[in-house]
Amino acid sequence: MKKKNKLLALLLAATMSFSVSACGSADTGKKDDGKSTTENTDSNDSKDIDYYASAVEKMKNVSSLNCKMVIDMEMKITAGDESQTMKSSTVSNMSCFYDPLKVKADMTVDAGEAGKTDLSVYAEAAEDGNYTMYMYDGTNWMSQTVTMEDLSAYDAAGNMTDYLQDSYNFQDAGTEKINGKDARKYTGAMTGDDMREAITSTGALNSLSSLGIDESQVESMFKDLGDLPITMWIDEEECYPVKYELDMSSLMNALMANIMESMGEEAAGASIEFTQMHTEMNFSDLNAVEEFTIPDEAKAAAPAA
């Protein structure tokens, strides 16, 4: 049981690290110059629009947006004669304003038999150049001073812009209906090296050191991870991104295999299998978000210890 508990702790830490990167830190330091490597499939028509390049430009000036993010996860953990299946669905509804930044996020984590958790988060710019985050767990409010990096998971426009990278080699895949509108579909992939750089830049792997994972084991985690498929859709009328999807199942299984190998005898007889690790984000009301007010109870909350 001790082995199982350590494996579970390691798994949750690694999953958190990769989820942070997938949902809020895709930018690996590459800056887009606004030039697209993709081509419209009907390039013989002089009136064709390069939707990808247009989206890159338009996202630079977004003033507000709403988005809904859903992360569905299912995995099976086996250690000796014991096995456990874990499932969760995390739904986040976010409203974001920019210049200055102001964020509202309502999240629900449904872990099946393990229960359901609701969390509300607000954030706004503070006078000292940092930000104040307010959190409500269903019972109490608390507040804390944070940096922009701490808010990356709630910066929906920044997250979408980070995925508009030419290095991900997006290819035009035709048109589909998204929320009743014609949208141009693009498919691409984030390489294992890109993912490694993104995760490392967030500092999310720091939690692994407390579990006794040394630097060499962290290095081995990133071996032969393969690519992370990315699909996005761009509204043909407005030329704004309206949806993206990430299928992390294969990547997470490769990660877990590397972790087990690095642990050697300590992980003998254990296995972890992801049958699902999928992220979807839908965007709406770009530049037209209804104003919201941070509750007085939030602003009166005592700072977190």
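Keep in mind that what you see is a predicted model, and the values were worked out from it rather than measured.

Participant: So what's going on with helix α6 (residues 249-263)? Which residues, and what values?
Facilitator: Over its 15 residues, α6 runs 21 Å from end to end, which matches the ideal 21 Å to within 8%, given 1.5 Å per residue. Buried within α6 we find S249, L251, M252, A254, L255, M256, N258, I259, M260 and M263. Following α6 by one or two positions, G264 has its phi on the positive side, about 60°.

Participant: I'd like a description of the sheet that holds strand β9 (residues 228-235), backed by residues and values.
Facilitator: Read from one edge of the open sheet, eleven strands run β6-β5-β4-β3-β2-β1-β11-β10-β9-β8-β7, paired in antiparallel fashion. Each edge of the sheet is formed by a strand with only one pairing partner; in this case those strands are β6 (141-146) and β7 (171-178). Within the sheet, the average angular offset between the axes of one strand and its neighbour, ignoring direction, is 20°. With eight bridges joining them, strand β8 (residues 181-190) and β9 adopt antiparallel strand pairing. Across the sheet, the residue bridging to T187 is T231, located in β9.

Participant: I'd like to hear about the pattern of salt bridges, residue by residue, with values.
Facilitator: Inspection of every chain in the model, using the stated rule, returns nine salt bridges. Salt-bridge contacts for D172 lead to R184; the nearest nitrogen and oxygen are separated by 3.7 Å. One end of the pair, D172, is in strand β7; the other, R184, is in strand β8, with twelve residues separating them in the sequence. The class for D172 is buried, based on a relative accessible area of 12%. When its relative accessible area of 7% is taken as the criterion, R184 is described as buried. Across the pair K185 and E176 runs a salt bridge, and its minimum N-O distance is 3.3 Å. Its relative accessible area of 31% is what places E176 among the partly exposed residues. In the salt-bridge network here, residues are joined through shared partners; they are D172, R184 and E236.

Reading the values: the criteria
Residues numbered from 1 in each chain as written. Predicted model: local features only at pLDDT ≥ 70, side-chain atom pairs only at ≥ 80, totals over all residues. Heavy atoms only, no water. Helix = DSSP H or I, 4+ residues; strand = E, 2+ residues; numbered from the N terminus. Expected span 1.5 Å × (residues − 1). Buried < 20%, exposed > 50% of the residue type's maximum accessible area, 1.4 Å probe, protein only. Pairing = 2+ DSSP bridges. Axes fitted to C-alpha atoms, helices over the stretch in contact; angles between N-to-C directions. Salt bridge = Lys/Arg side-chain N within 4 Å of Asp/Glu carboxyl O.

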